[in-house]
Amino acid sequence: EGGFDDGFDEFEQLGGLEEVGEFFSDAGLAELVGTQDVETVTFLEVRINAEEIVLRDLGLRLPNLSELKLNNSNVPSIRDLGTSFGNLTVLWLARSNVQELDGMSALLSIKEVYLAFNTVKDLSALVGCDTLEVLDLEGNAIADINEVGFLASCEKLSVLTLDGNPIANSASYR
């Protein structure tokens, strides 16, 4: 297992030294996850700006990654993660400027998604996410109660948090 949680400034320094163009170099990725054997990594915690660093191949390079913690990052769309996280089961993106959930269907094994304190307002991209069990959308921008209807196709969804959204003030919320 590897991780990196020494703060954003240190990460920015690492990123500046270890990136190759927009992608992490092999050496940079190994330093980031704390091992040369990156294929064994199951957990990664890092702050990242998806507008500067491309994440699309990260799932291929970390094939056993099951938990990805990107809290306090800048990842405007789930699509920014790419389609290569085939084994990812838990994703944290709290306070990460997430605006769109497009790309969720590419996370084929996802069970838990923590998206608290972002600006998500459209839940239609969650249609068909039938492995999803936990969804935390606290403090987002969901204003239309009809958005919750898109979650009906998430058959395994058993924990849903919508507190702090505009719909929480609606008479039909409960």
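Structure: see above.
Residues numbered from 1 in each chain as written. Predicted model: local features only at pLDDT ≥ 70, side-chain atom pairs only at ≥ 80, totals over all residues. Heavy atoms only, no water.

1. Focus on the nonpolar core
Among the nonpolar cores identified, the biggest contains 46 residues, and Leu 101 and Leu 126 are the most heavily contacted of them. Here the element with the most residues in this core is helix H2 (residues 26-33); it accounts for four residues. Residues contacting Leu 101, with those up to four places away along its chain left out, are Ile 78, Leu 115, Val 120, Asp 122, Leu 123, Ala 125 and Leu 126. (Core = buried A, V, L, I, M, F, W, Y, C linked by side-chain atoms within 4.5 Å. Buried < 20%, exposed > 50% of the residue type's maximum accessible area, 1.4 Å probe, protein only. Helix = DSSP H or I, 4+ residues; strand = E, 2+ residues; numbered from the N terminus. Contact = heavy atoms within 4.5 Å.)

2. Describing the sheet that holds strand S8 (residues 159-161)
A sheet is described by the order of its strands in space; here six strands give the open sequence S3-S4-S5-S6-S7-S8, paired in parallel fashion. The open sheet has two edge strands with one neighbour each: strand S3 (43-45) and S8. Strand-to-strand twist of the sheet, defined as the mean angle between neighbouring strand axes without regard to direction, takes the value 5°. For strand S4 (residues 67-69) and strand S5 (residues 90-92), the ladder comprises three bridges, and the chain directions are parallel. Of the residues in S5, the one forming a bridge with Glu 67 is Val 90. (Pairing = 2+ DSSP bridges. Axes fitted to C-alpha atoms, helices over the stretch in contact; angles between N-to-C directions.)

3. With respect to the state of the cysteines
According to the stated counting rule, one finds zero disulfides in the structure shown. With no disulfide of its own, Cys 129 lies 5.4 Å from the sulfur of Cys 154, the closest cysteine sulfur. Using a relative accessible area of 5% as the deciding quantity, one classes Cys 129 as buried. (Disulfide = S-S within 2.5 Å.)

4. Focus on H2
Within H2, burial applies to Gly 28, Leu 29, Ala 30, Leu 32 and Val 33. The positive-phi residue at the C-terminal boundary of H2 is Gly 34, with phi of around 85°.

5. Comments concerning the packing of aromatic side chains
Applying the stated criterion to the full structure yields two aromatic pairs. A centroid spacing of 6.2 Å and a plane angle of 80° characterise the contact between Phe 43 and Trp 92, whose relative ring orientation is edge-to-face. Taken as a pair, Phe 43 in strand S3 and Trp 92 in strand S5 lie far apart in primary sequence, 49 residues in all. Take Trp 92: its relative accessible area is 18%, and that puts it in the buried class. Seen in terms of ring centroids, Trp 92 and Tyr 114 are 5.9 Å apart; in terms of plane orientation they differ by 15°. Their pairing is stacked. With Trp 92 in strand S5 and Tyr 114 in strand S6 (residues 112-114), the pair connects residues that are 22 residues apart, well separated along the chain. These aromatic residues form a ring-pair network of at least three members: Phe 43, Trp 92 and Tyr 114. The ring of Trp 92 carries Lys 69 above its face, with NZ or CZ at 5.0 Å from the centroid. (Phe/Tyr/Trp six-rings, centres within 6.5 Å; stacked < 30°, edge-to-face > 60°. Lys NZ or Arg CZ within 6 Å of the ring centre and 35° of its normal.)

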